[in-house]
Amino acid sequence: MKISLSIPQYNRIGYLLKSLSVIELQTYEHIEVVISDDCSTDDTEQQIKQLMPAYKYPVVYKRNQRNLGYDRNYRQSIELATGDYCFILGNDDTLSEPGAIEYLAGFLEQNNFPDIGVCNFHEQGDPQNVYKRANTTGISGTGYEIAMKYYSCFSFVAGLIYKRETFLKYNTAAYDGSIYAQMYLGCFIISKGGVFFLIEKSLVLKDILLDGNRPNNYRQTLAQTWKEYKVVDGGLPSVMNVLVNAFKDAGVLTQDVIYRIHRKVYLTTYPHWLLDYREQHAFPEAVGLSRGVKPWKTKTFKLLSAWNKFRISFIYRITTVAGLLTPVFIFRMVRVRLYHYIKK
């Protein structure tokens, strides 16, 4: 069984090269590395082509002639693969240990080759602090209830695992530009009968260090002063729109499903982000988020019944107050457990 490590690439070649050096330590033989380069403006092409002849594993590399955007490049990294399964890595993430892919291959063989799944991950230098998308290892099931329960697992792309033939069967460009095409595809595949699995073991090392530094991330763009203040939505309206359409396209959308999507976002994800922003000393950004995600301003809110609109509006007001006023030190104490709860 061949496993493709699919990497959507855009700039930050130093981090990608570091990741590739770690990947070479894998003990599993049947690996290929697939790099879909979305017209990087650094020397990605030169560096990768120089590396390829002597690299331990076959490398499939394609440079787009123009920037296609995150969603299209993400899908292309899987389309270019020739493996039986694709394991997604961000270009600043890598594998956690030399036996990671050997472990994955053994699991897939022992569990009758399921269709789509996720593993856990941790940050470099803190292996005990595991971000738990999965609290068990095994087959979770199929159908829209499973998709509803686990959709938030697809927000972070590293460690998403697809049987490639299943992915190609349901692959679509319909939600390119949403920044959350992987959430649509995950929910749609599972709702249409794809078998979903979980791996509790942390197979991904998130945000690798390069010369002691982490790659630039969203936290460095947050407004920390009122001069930088702006109304933002954090992509949450796009998340709800993508999810509603995934269940609609799968033929399982009901009023209850629409309500549960909104409830989960406003009861868990939204207040978590408010607290996370405040932990980064970005209170103006948190206030901007609270204004940008007012439910009655979103496209999907109108699909709710009058009673459900009232309930979601009430949840939004309560979680806004809690997210803006809860002491940050409490958030630090419970952050990993809270992340685990959000992903349940």
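Parameters at a glance
Residues numbered from 1 in each chain as written. Predicted model: local features only at pLDDT ≥ 70, side-chain atom pairs only at ≥ 80, totals over all residues. Heavy atoms only, no water. Helix = DSSP H or I, 4+ residues; strand = E, 2+ residues; numbered from the N terminus. Rg over C-alpha atoms; globule rule 2.2 N^0.38 Å. Contact = heavy atoms within 4.5 Å. Areas by Shrake-Rupley, 256 points an atom, 1.4 Å probe, with all protein chains shown as cover. Lys, Arg positive; Asp, Glu negative; His and termini not counted. Charge placed at Lys NZ, Arg CZ, Asp CG, Glu CD. Salt bridge = Lys/Arg side-chain N within 4 Å of Asp/Glu carboxyl O. Buried < 20%, exposed > 50% of the residue type's maximum accessible area, 1.4 Å probe, protein only. Core = buried A, V, L, I, M, F, W, Y, C linked by side-chain atoms within 4.5 Å. Pairing = 2+ DSSP bridges. Polar contact = N/O pair within 3.5 Å; in protein donor to acceptor, adjacent residues only side chain to side chain. Expected span 1.5 Å × (residues − 1). Bend = angle between axes of the 7 residues up to and from the residue.

Colleague: Which parts of the structure should I look at to understand the overall build of the chain?
Modeller: Secondary structure assignment for the chain yields 12 helices and 10 strands. The globule rule puts the C-alpha radius of gyration for 344 residues at 20 Å, and the 20 Å found for the chain is close to it. With the C-alpha coordinates aligned to their principal axes, the bounding extent of the chain is approximately 60 × 45 × 40 Å. Of the contacts made within the chain by residues no fewer than 6 positions apart, 83% connect residues no fewer than 24 positions apart. Carbon and sulfur atoms provide 53% of the accessible area of the chain, an area that totals close to 14,900 Å². Placing the 41 positive and 32 negative side-chain charges of the chain at their respective mean positions leaves the two points 10 Å apart.

Colleague: Got a minute to help me understand the pattern of salt bridges in this structure?
Modeller: Side chains that differ in sign of charge can pair as their charged atoms come close. One pass over the structure, following the stated rule, counts 14 salt bridges. A salt bridge links arginine 63 to aspartate 37; the nearest nitrogen and oxygen atoms lie 3.7 Å apart. Residue arginine 63 is found in strand S3 (residues 59-63), and its partner aspartate 37 is found in strand S2 (residues 31-37); the two are separated by 26 residues along the sequence. A relative accessible area of 26% means that arginine 63 is categorised as partly exposed.

Colleague: I'm lost on the nonpolar core in this one. Help?
Modeller: Counting residues in hydrophobic clusters, the biggest one holds 64 residues, and the most contacted among them are Tyr162 and Phe196. Ranked by residues supplied to this core, first place goes to helix H9 (residues 255-279) with nine residues. Other than its neighbours up to four places away in sequence, phenylalanine 196 contacts Ile116, Gly117, Val118, Ile139, Ser140, Gly141, Ile146, Tyr150, Phe154 and Ile190. Listed in part, the 36 residues of the second largest apolar core include Ile23, Ile31, Tyr61 and Leu104.

Colleague: Just to check I follow, could you spell out the pairing of strand S10 (residues 196-206) for this structure?
Modeller: Along any regular strand, the residues point their side chains to alternate faces of the sheet. Within S10, nine of the 11 residues are buried, leaving the element largely enclosed by the surrounding structure. The sheet contact formed by strand S6 (residues 116-123) and S10 spans eight bridges and is parallel. If you follow glutamate 123 over to S10, its bridge partner there is lysine 206. Summarising the sheet, strand S8 (residues 138-141) and S10 pair through three bridges and their orientation is antiparallel. Counted as the bridge partner of isoleucine 139 is phenylalanine 197 from S10.

Colleague: For this particular structure, what's the right way to read unusual backbone geometry?
Modeller: For residues that are not glycine, phi is negative in most cases, and the peptide bond is trans in most cases. Of note, arginine 12 is a non-glycine position whose phi angle comes to about 50°, a positive value. Mapped onto the elements of the fold, arginine 12 is located in the loop between strand S1 (3-9) and helix H1 (13-23). A positive phi angle is found at aspartate 207, which is not glycine, with a value near 55°.

Colleague: Is there a simple way to think about the environment of threonine 137 in this case?
Modeller: Note on placement: threonine 137 falls in the loop between strand S7 (130-131) and S8. Using a relative accessible area of 35% as the deciding quantity, one classes threonine 137 as partly exposed. Taking the C-alpha atoms as reference points, threonine 137 and isoleucine 179, separated by 42 residues in sequence, lie 28 Å from one another. Dropping the residues within four chain positions of it, threonine 137 is found in contact with Tyr103, Phe107, Leu198, Ile199, Glu200 and Lys201. Separated by 2.9 Å, the side chain of threonine 137 and the backbone nitrogen of glutamate 200 make a polar contact.

Colleague: What is the right way to read the pairing of strand S9 (residues 160-163) from this model?
Modeller: Along S9, one buried face is formed by Leu160 and Tyr162 and the opposite face, lined by Ile161 and Lys163, is buried too. Sheet topology places strand S4 (residues 85-88) next to S9; three bridges connect them, and they run antiparallel. Opposite tyrosine 85, over in S9, you have lysine 163 as the bridge partner. Relative to S9, S6 runs antiparallel, the two being bridged by three bridges. Following the sheet pairing, glycine 117 is matched in S9 by isoleucine 161.

Colleague: Is there a simple way to think about the environment of valine 244 in this case?
Modeller: Relative to the elements of secondary structure, valine 244 occurs in helix H8 (residues 236-249). Here valine 244 falls in the buried class, since its relative accessible area comes to 3%. C-alpha of valine 244 to C-alpha of isoleucine 258: the two residues are 14 residues apart in sequence and 6.4 Å apart in space. The residues touching valine 244, leaving out its near neighbours within four places in the chain, are Leu253, Ile261, Thr300 and Leu303.

Colleague: Can you help me understand the side chain of threonine 94 in this one?
Modeller: Here threonine 94 lies in strand S5 (residues 94-95). A residue is classified by how much of its surface remains accessible, and threonine 94, at 1% relative accessible area, is buried. Excluding anything up to four places from it in sequence, threonine 94 contacts Ser19, Val22, Ile23, Leu89, Leu203, Val204, Leu205 and Ile208.

Colleague: Please clarify how H9 should be interpreted in this entry.
Modeller: Residue pairs spaced three or four apart in an α-helix point in one direction, given the helix's 3.6 residues per turn. Helix length check: H9, at 25 residues, gives a terminal C-alpha distance of 36 Å against a target of 36 Å (1.5 Å per residue), a fit within 8%. Along its length, H9 reaches its greatest deviation from straightness, about 35°, at tyrosine 266. Histidine 281 occupies a position one or two residues after H9 and carries a positive phi of about 60°.

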